[in-house]
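Each chain, written out:
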Amino acid sequence: MSGSEDRRLILALDVYERERALEIAEHTADYLWAIKVNWPLIIGSGLGIITELKQVTGLPIIADLKLADIPNTNRLIASKVFEAGADYIIAHGFVGRDSVGAVMELGETIIVVEMSHPGAKEFIQPVTDKLIELANELEPFGVIAPATRPERVSYIRSKLKHGIKILTPGVGAQGGRAGEVLKAGADYVIVGRSIYASENPRESARILYEETLGV
Ligand code: 3DU
């Protein structure tokens, strides 16, 4: 196993229950770069789960809130979430540079430039170029791109400023493959169900981690 700086796997911990979340996090932490927390876990366990996951694993925590509101509301939400210990917040870019900027003023931000589900082709993909331009201007920590479409990840990589990371959900349950999307230019893969809903989350995380090595 390598140091955490070499790890490229992010666990999407989309369970409701605090105990289950902490147990899965503890068992898989050795193979992860970070843990991503989304609404299901925050609604099920409260915001304090961010603080606890950090304490238990020592890993960075990404709050996947997909913030998409006016600057003031984005700011009100983001300040509480960063206060709870989140290291990164995911925000939508389509709401405009002022809304994204409000989050970026408070901490490290990740902007959605394209999503992984089929419906992303309806409204998001047509404006991906604009969202990439926004990211290049604001220079966030990273962007979200679809692991289900490696050719789109290559495209986004080719347009994105050097240094902005690409994080890709959609590996496993949604059909994307870790090795393929990393080869296409992703920096990190985000995996939820294939790890937390498997018989043995630690072993599933290990297999995925091995797949990310040497790509
Ligand atoms: O499909 P999975 O179970 O591996 O979970 C993927 C996670 O990533 C989940 O939290 C989902 O809300 C998030 N996500 C996407 O799946 C696709 C996106 O474009 C953005 C986030």
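None of these values were measured; they are calculated from a predicted model.

1. Remarks on helix α4 (residues 71-83)
So, step 1. Taking 1.5 Å per residue as the helical rise, α4 with its 13 residues ought to reach 18 Å, and the 18 Å between its terminal C-alpha atoms agrees with that figure.
So, step 2. Turning to α4, its buried residues are N74, A78, V81 and F82. Considered in projection along α4, the buried side chains sweep an arc of 95 degrees and stay on one side of the axis. Opposite the buried face of α4, by more than 90 degrees, sit the exposed residues L76 and E83.
So, step 3. Where α4 is buried, its residues contact α3 (48-57), β3 (61-67), β4 (88-92), α5 (97-104) and β5 (108-112).

2. Brief notes about the layout of surface pockets
So, step 1. Here the largest pocket defines a volume of roughly 340 Å³.
So, step 2. Lining the largest pocket are 22 residues, and of these D14, K36, P169, G170 and Q174 sit closest to its centre.
So, step 3. Listed by contribution, the elements that provide at least two residues to the lining of the largest pocket are β2 (34-38), β3, β8 (188-191) and α10 (193-196).
So, step 4. A per-element tally of the lining of the largest pocket places α10 first, with three residues.
So, step 5. Here the residues of the lining of the largest pocket sort into ten nonpolar, seven polar and five charged.

3. Thoughts on the UniProt feature "domain: Orotidine 5'-phosphate decarboxylase" (unreviewed entry) in the chain
So, step 1. Those places that UniProt annotates as "domain: Orotidine 5'-phosphate decarboxylase" (unreviewed entry) correspond, in this numbering, to residues 8-208.
So, step 2. Helix makes up 46% of residues 8-208 and strand 19%, with an end-to-end C-alpha separation of 10 Å.

4. Observations regarding the UniProt feature "active site" (unreviewed entry) in the chain
So, step 1. The sites that UniProt annotates as "active site" (unreviewed entry) are D64, K66 and D69. When the annotated set is filtered for residues lining the largest pocket, what remains is D64 and K66.
So, step 2. Mapped onto the elements, D64 comes out in strand β3.
So, step 3. Assessed through its relative accessible area of 4%, D64 is described here as buried.
So, step 4. Aside from chain neighbours lying at most four places away, what touches D64 is K36, V37, N38, W39 and I90.

5. Structural notes on the pairing of β8
Looking along a regular strand, one sees the side chains alternate between the two faces of the sheet.
So, step 1. Across the two faces of β8 the burial is the same, with Y188 and I190 and V189 and V191 all buried.
So, step 2. Taken together, the three bridges between strand β1 (residues 9-12) and β8 define a ladder with parallel strand orientation. Directly across from L11, in β8, lies its bridge partner V191.
So, step 3. Two strands pair when backbone bridges link them, and strand β7 (residues 165-169) and β8 are joined in this way by three bridges, in the parallel orientation. What sits directly across from P169, in β8, is I190.
So, step 4. In terms of handedness, the path from β7 via helix α9 (residues 178-183) over to β8 forms a crossover that is right-handed.

6. Concerning the sheet that holds β5
Two strands in a sheet stick together by hydrogen bonds in their backbones, pointing the same way (parallel) or opposite ways (antiparallel).
So, step 1. Overall, parallel pairing links the eight strands, which are arranged β1-β2-β3-β4-β5-β6-β7-β8 in a closed barrel. Here the strands of the sheet are splayed against their neighbours by 25 degrees on average, with no regard to which way each runs.
So, step 2. As paired elements, β3 and β4 share three bridges and run parallel to each other. By the bridge assignment, I62 is partnered in β4 with Y88.

7. Quick word on the nonpolar core
So, step 1. With 57 residues, the main nonpolar core has L9, L13, I35, I50, L53 and I89 as its most contacted residues.
So, step 2. Discounting chain neighbours no more than four positions away, the residues touching L13 are A21, I24, A25, I35, K36, L41 and L53.
So, step 3. Formed by 14 residues, the second largest nonpolar core is a distinct cluster that contains A12, I90, I144 and L167.

8. Structural notes on α5
So, step 1. Of all the residues in α5, the buried ones are S99, V100, G101, A102 and V103.
So, step 2. The elements touched by buried residues of α5 are β3, α4, β4, β5 and α7 (128-138).

9. Quick word on the site of the ligand
So, step 1. Around the ligand, 15 residues are found, and the nearest of them are D14, K36, Q174, G192 and R193.
So, step 2. D14 places a polar side-chain atom, nitrogen or oxygen, 2.6 Å from an oxygen atom of the ligand.
So, step 3. Note that an oxygen atom of the ligand is positioned 2.8 Å from one of the backbone N or O atoms of G192.
So, step 4. Bound to the protein, the ligand loses 90% of the 470 Å² it would expose on its own.
So, step 5. When atom positions are compared with the pocket grids, the ligand is found to occupy the largest pocket.
So, step 6. Across the shell around the ligand, the residue classes break down as six nonpolar, four polar and five charged.

Each value, and the rule that gives it
- Residues numbered from 1 in each chain as written.
- Predicted model: local features only at pLDDT ≥ 70, side-chain atom pairs only at ≥ 80, totals over all residues.
- Heavy atoms only, no water.
- Helix = DSSP H or I, 4+ residues; strand = E, 2+ residues; numbered from the N terminus.
- Expected span 1.5 Å × (residues − 1).
- Buried < 20%, exposed > 50% of the residue type's maximum accessible area, 1.4 Å probe, protein only.
- Arc of directions from axis to C-beta.
- Contact = heavy atoms within 4.5 Å.
- 1 Å grid on protein atoms, 1.4 Å probe; cavity = no way out; pocket = protein on both sides within 12 Å on 5 of 7 lines; lining within 4 Å.
- Points joined across faces, edges and corners; volume = space filled by probe spheres on them.
- Nonpolar A, V, L, I, M, F, W, Y, C, P; charged D, E, K, R; others polar.
- UniProt positions renumbered as here; feature names shortened; annotations may be inferred.
- Pairing = 2+ DSSP bridges.
- Right-handed = clockwise from strand over helix to strand, strands pointing away.
- Axes fitted to C-alpha atoms, helices over the stretch in contact; angles between N-to-C directions.
- Core = buried A, V, L, I, M, F, W, Y, C linked by side-chain atoms within 4.5 Å.
- Near = heavy atom within 4 Å.
- Polar contact = N/O pair within 3.5 Å; in protein donor to acceptor, adjacent residues only side chain to side chain.
- Areas by Shrake-Rupley, 256 points an atom, 1.4 Å probe, with all protein chains shown as cover.
- Sits in = over half its atoms within 2 Å of the grid points.

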